[in-house]
Amino acid sequence: MVRDLKEDRERLLRFGQGDSPVILTVPHGGTTPIPGIDGRRGDPNIPGDWEYFTDMDVNTFQLGELVRARMAKHEVIPFTVITMASRRDLDINRSWDHNLRGYEAAGVPEDGIRRAKRVFDGFHDTIAEYIGDIRERFGPNLVENAFLIDLHGTHLASDAQIELGTLHGVSAKLELVYPVAY
């Protein structure tokens, strides 16, 4: 049976411990604005300075809930971390410095930046905590013992049923997504 996820409204997170060495993250499922940020970019359908789109990934939150429920039916309950923050206010799976440059360029006030940092740290600290829990419960070698599923959604072309990663290189420079090996 799937346990209910906890909510942390301050950090705009939904999260819950699992009973298997699987972490399910949903970094772009939220629509809740971060007070003081007010959408740090212009048109979400036009790539920003860092050449990727900032529109919400379509149905990612719902997909995360569905994947979690289906896994539980097979007696695999993943550790789960879902952000409720709007992607237009915080791109949680990019570096903090990346977000900070955007805030500074947009003139976001310090209190808004501090709020966003709490959300950012909450997401990543929760994942780190869950990695520690998995290491403790299932062994230290995560390569052999654990999976991280990072769910994203996207706008599909009208004739498409599934999309691979970066809209085939359109939504993000491949060097940003795959910095080590192409």
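Residues numbered from 1 in each chain as written. Predicted model: local features only at pLDDT ≥ 70, side-chain atom pairs only at ≥ 80, totals over all residues. Heavy atoms only, no water.

**Q** So what's going on with the overall build of the protein chain? Residues and values would help.
**A** What the protein chain contains, in helices and strands, is 5 helices and 5 strands. Counting only residues that meet the buried cut, the protein chain has 41% of its 182 residues in that class. Pairs at least 24 apart in sequence give 79% of the contacts found in the protein chain among residues at least 6 apart. By element, 54% of the accessible surface of the protein chain is carried by carbon and sulfur atoms, the whole surface being about 10,400 Å². (Helix = DSSP H or I, 4+ residues; strand = E, 2+ residues; numbered from the N terminus. Buried < 20%, exposed > 50% of the residue type's maximum accessible area, 1.4 Å probe, protein only. Contact = heavy atoms within 4.5 Å. Areas by Shrake-Rupley, 256 points an atom, 1.4 Å probe, with all protein chains shown as cover.)

**Q** Just give me the short version of the pattern of salt bridges, but keep the residues and values in it.
**A** Counted by the stated rule, this structure contains 9 salt bridges. A salt bridge links Glu-7 to Arg-9, with the shortest nitrogen-to-oxygen separation between them at 3.5 Å. The partly exposed category is assigned to Glu-7, whose relative accessible area is 40%. A salt bridge links Arg-115 to Asp-111; its shortest N-O distance comes to 3.4 Å. Here Arg-115 pairs with Asp-111, and both are found in helix α3 (residues 110-138), just 4 residues apart, close to one helical turn. Taking the relative accessible area as the measure of exposure, Arg-115 reaches 27% and is therefore partly exposed. Residue Asp-111 is classed as partly exposed on the basis of its relative accessible area of 35%. In this structure, a network of salt bridges that share partners links the residues Glu-7, Arg-9, Arg-14 and Glu-65. (Salt bridge = Lys/Arg side-chain N within 4 Å of Asp/Glu carboxyl O.)

**Q** An account of the sheet that holds strand β5 (residues 147-150) is needed here, citing residue identities and associated values.
**A** With mixed pairing, 5 strands are arranged side by side in an open sheet as β1-β2-β4-β3-β5. The sheet is open, and its two borders are formed by β1 (6-8) and β5, each paired with just one other strand. Taking each pair of neighbouring strands and ignoring which way they run, the sheet shows an average axis angle of 15°. Bridge analysis of strand β3 (residues 22-26) against β5 gives 4 bridges, and the strand direction is parallel. Across the sheet, residue Leu-24 finds its bridge partner in β5, namely Ile-149. Packed on one face of the sheet, helix α1 (residues 60-73) meets β2 (13-16), β3, β4 (79-83) and β5 and runs near 160° to β3. Each of β2, β3 and β4 touches α3; the most contacted strand, β4, lies at about 175° to it. (Pairing = 2+ DSSP bridges. Axes fitted to C-alpha atoms, helices over the stretch in contact; angles between N-to-C directions.)

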